[in-house]
Amino acid sequence: MGQENPRQEQSCCSDSSSSSSSSLRQAIELVSSLISFSHGIRVFAVKWQMLRNKLEELNSSLIAIQNCDSSETPILSAVLSSIIEATNTSYDLARRCVDLSYSGKLLMQSDLDLMGSKFDSLIKNLLGICSTGVLTQGFAIVVSRPGISASKDDLRFYVRDLLSRMKIGDTEMKRQALINLNDVVVEDSRYVKIITAEISDILHLVINLLHSSEIEIQEVSAKVVSWLSGFDSCKCLLIGSGAIGSLVRVLECGNELGKEAAARSLQKLTQNSDNSWSVSAHGGVTALLKTCSSNDSNGELIGASCGVLKNLVGVEEIKRFMIEEGAVSVFIKLSKSKDESVQISSIEFLQNIAFGDDSVKQLIVKQGGIRALVHVLDPKITATYKAREVALRAIENLCFSSMDCFNTLISYGFIDHLLFFLRHGDVSFQELSLKVAFRLSGTSEEAKKAMGDAGFMSEFIRFIDAKSFEVKEMAAEGLISLLSVAKNRKRFVQDDRNMGFLLQLLDQGEGNSGNNNKFLISILISLTNSNSGRRKIVNSGYLKNIEKLAEAEVFDAKRLVRKLSANKFRSILSGLWHS
């Protein structure tokens, strides 16, 4: 209806046209024209969109082999003739849809479905012929990659061309097409959208190429899958295409780079716990553990493999299988690695597998896990800040809930290492050490005694003068916890520097915040349980400051004054009684 049919100028039925162009060229021109013509059709839009997708796939395959001489390939010539015939028939249907001259909707829908099936068959036949070696790198036309400002149609055409090359090209062409695909999806997310929304067939093909006997093709396919696995829109399509089983196979028999990419893919795909069973069912757990225990595996590969296993331990049955397969001993050994990434990944895995499971914690202790973790904290060895941070958090999570674990920590020198970093670590690690020391001070009487003996009280009091409220609070509460032990109170009071520092801080008047006074007074209250502590407070000359705070209605100060007064009164009564 007012739109010209391009076939009028290039009908394949013309003898002169046939003599001037090869069947292949005629097929390309006719299919391209039909694609353009179909955009003007306003009826049966869904049917025509499906047909257009098939025509675009067919067109990219034809373009990829347009330098082939069909006269030398009788089978290819026959397929091309069938393509031309089918496209002519589709042109007739397209014209009738534009002119609204079809006899009935149901009949036209049936005809369009029939043509869709016909094109599917032709695509399959064409690719089958070309896969036998008709197309080689030597005479393939290379389609230029679209520029940054290219239209969506240009991007779509480029992806379809890559799809065709992967389907019908020789080994080198497949490899190069995969490299080009990897480049574009990494650099431009528009390609990812086109693949997921319109050309998802390419995902099926890339997954199939993971099984290639050509290691380079397998490797690049794994890289493509690894990148696409990071997009939620691709994950379901990849899973549906059998990605997990194929990736596990790469882990088992691929080269190092292919294995790394496969492990990274599985790490992303198993963020959804629903996919955990699929990894296990395909033998993935065994393959991953084997990878981690192999001397040939590099740090990147072990780190990615460990990431997958960390995602899988949330499934109880899979976790038990890992334990039976010796996962704990494997990762205790890896925690001693000089490779930071391996060391960190292995320690994090041990935390995950032991989370909420005392039996696994005991197994880690039994197999030397605590000793390995404490060794990372030894100031005499070379270790990165990050590795020590992870080891310290792991010790906190694994060992503070059990007396057996605590005793083991003591025997390996953990208390001394923690105190060293509390005194000499950089600011961030000092704060982490303080947090761990604070938590440790509340675990048991044995821990309090050990910390008091080691010298933690003087470090706690030093941090009470810090700028951070959180640090002040942890230091004060940690010190109060240690002072609940009589032996520690006695040691603290005997050191005049400790008492003097406390009272001097309280004497700073307006320079102290209300919260700081609260911390200091709470500590002094805990010291009133010691006779010598009370005497030193009363005789220090700072009592007037405390009384001023009490007169200012500071509750804790009033409480401290009452305790000091009551004890003084009891001492007077005791003196009268014995006189």
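Residues numbered from 1 in each chain as written. Predicted model: local features only at pLDDT ≥ 70, side-chain atom pairs only at ≥ 80, totals over all residues. Heavy atoms only, no water.

Right, let's get into the overall build of the protein. For the protein, the helix and strand inventory stands at 35 helices and 0 strands. Across the 579 residues that make up the protein, the buried fraction comes to 50%. The contacts in the protein between residues at least 6 apart in sequence include a share of 70% that link residues at least 24 apart. In the form shown here, the protein has an accessible surface area of approximately 27,100 Å², with 50% of it arising from carbon and sulfur atoms. (Helix = DSSP H or I, 4+ residues; strand = E, 2+ residues; numbered from the N terminus. Buried < 20%, exposed > 50% of the residue type's maximum accessible area, 1.4 Å probe, protein only. Contact = heavy atoms within 4.5 Å. Areas by Shrake-Rupley, 256 points an atom, 1.4 Å probe, with all protein chains shown as cover.)

Relative to each other, helix α11 (residues 215-228) and helix α13 (residues 243-253) sit at 130°, their axes nearing to 11 Å. The orientation of α11 relative to α13 falls into the category oblique. Our pair here, α11 against α13, has a crossing hand that is left-handed. Counted together, Ile215, Gln218 and Val225 of α11 and Leu247, Arg249, Val250 and Cys253 of α13 form the full contact between these two elements. (Axes fitted to C-alpha atoms, helices over the stretch in contact; angles between N-to-C directions. Parallel < 35°, antiparallel > 145°, perpendicular 65-115°, else oblique. Left-handed = near helix turned anticlockwise from the far one by under 90°.)

What follows deals with the confidence of the model for the protein. With 86% of its residues at a pLDDT of at least 70, the protein reaches an overall mean of 84. In this model, residues 1-21 is a region of pLDDT below 50 whose contacts with residues beyond four sequence positions or in other chains number 28 contacts. Per-residue pLDDT stays below 50 along residues 572-579; that stretch engages in 0 contacts with residues further than four places along the chain or on separate chains. (pLDDT = per-residue confidence, 0-100.)

This part takes up the pattern of salt bridges. Going through the model one piece at a time under the given rule, you end up with 30 salt bridges. Several salt bridges converge on common partners, so that one network encompasses Lys152, Asp153, Arg156 and Glu198. (Salt bridge = Lys/Arg side-chain N within 4 Å of Asp/Glu carboxyl O.)

Interhelical geometry of helix α22 (residues 369-376) versus helix α23 (residues 385-399) gives an angle of 145° and a closest axis separation of 8 Å. For the pair α22 and α23, the sense of crossing is left-handed. Contacts from Ile370, Leu373, Val374 and Val376 of α22 reach α23 at Ala387, Arg388, Ala391, Ala394, Ile395, Leu398 and Cys399. The class makeup of the residues in the contact of α22 with α23 is 10 nonpolar, no polar and 1 charged. (Nonpolar A, V, L, I, M, F, W, Y, C, P; charged D, E, K, R; others polar.)

Right, let's get into the environment of Ser241. Looking at the secondary structure, you find Ser241 in the loop between α12 (232-240) and α13. Assessed through its relative accessible area of 15%, Ser241 is described here as buried. It is 9.7 Å that separates the C-alpha atoms of Ser241 and Ser200, two residues lying 41 residues apart in sequence. For Ser241, the side chain forms a polar contact with the side chain of His204, separated by 3.0 Å. (Polar contact = N/O pair within 3.5 Å; in protein donor to acceptor, adjacent residues only side chain to side chain.)

A few words now on the packing of aromatic side chains. If you walk through the whole model with that rule in mind, you get 11 aromatic pairs. One aromatic cluster is present, formed by Tyr385, Phe420, Phe421 and Phe429 through successive ring pairs. (Phe/Tyr/Trp six-rings, centres within 6.5 Å; stacked < 30°, edge-to-face > 60°.)

All right, on to the environment of Leu482 then. Mapped onto the elements, Leu482 comes out in helix α29 (residues 469-483). Along the backbone, Leu482 and Ser526 are 44 residues apart, and their C-alpha atoms lie at a distance of 10.0 Å. Leaving out residues up to four positions away in the same chain, Leu482 has contacts with Ser441, Lys448, Met451, Phe456, Met457, Phe460 and Asn488.

Before going further, it helps to spend a moment on unusual backbone geometry. One non-glycine residue, Phe44, lies in the positive phi region at around 50°. Along the chain, the position of Phe44 falls in the loop between α3 (23-38) and α4 (45-64). Exposure remark for Phe44: the relative accessible area of 14% places this residue in the buried category. With phi around 55°, Leu100 is a residue other than glycine that occupies positive phi space. Topologically, Leu100 is positioned in the loop between α5 (74-99) and α6 (105-134).

The next thing to look at is the side chain of Arg165. Note that Arg165 resides in helix α7 (residues 152-168). Looking at Arg165, its side chain comes within polar contact range of the side chain of Asp161, at 2.7 Å.

Now for the side chain of Lys448. For Lys448, the location among the structural elements is in helix α27 (residues 445-454). Those residues in contact with Lys448 that lie beyond four places of it in its chain are Ser441, Ser481, Leu482, Ser484, Val485 and Asn488.

When the terminal C-alpha atoms of helix α14 (residues 256-269) are compared, their 20 Å separation across 14 residues agrees well with the 20 Å that a helix rising 1.5 Å per residue should span. Here the buried face of α14 lies against α11, α12, α13, α15 (276-281) and α17 (299-312). (Expected span 1.5 Å × (residues − 1).)

So, on to helix α26 (residues 427-441). Taking 1.5 Å of rise per residue, 15 residues should cover 21 Å, and α26 covers 21 Å from first to last C-alpha, within 8% of that figure. Among the residues of α26, those classed as buried are Phe429, Gln430, Leu432, Ser433, Leu434, Val436, Ala437, Leu440 and Ser441. Summarising the contacts, the buried residues of α26 are in contact with α23, α24 (403-411), α25 (414-424), α27, α28 (456-463) and α29.

This next bit is on the state of the cysteines. Considering all chains together, one arrives at 0 disulfides under this definition. Between Cys292, a free cysteine, and Cys306, which holds the nearest cysteine sulfur, the sulfur-to-sulfur gap is 5.9 Å. (Disulfide = S-S within 2.5 Å.)

Let's shift gears to the environment of Leu289. Along the chain, Leu289 turns up in helix α16 (residues 284-293). Along the primary structure Leu289 and Phe331 are separated by 42 residues, whereas in three dimensions their C-alpha atoms are 9.4 Å apart. Contact partners of Leu289, with chain neighbours within four places excluded, come to Leu309, Met322, Glu325, Ala327 and Phe331.

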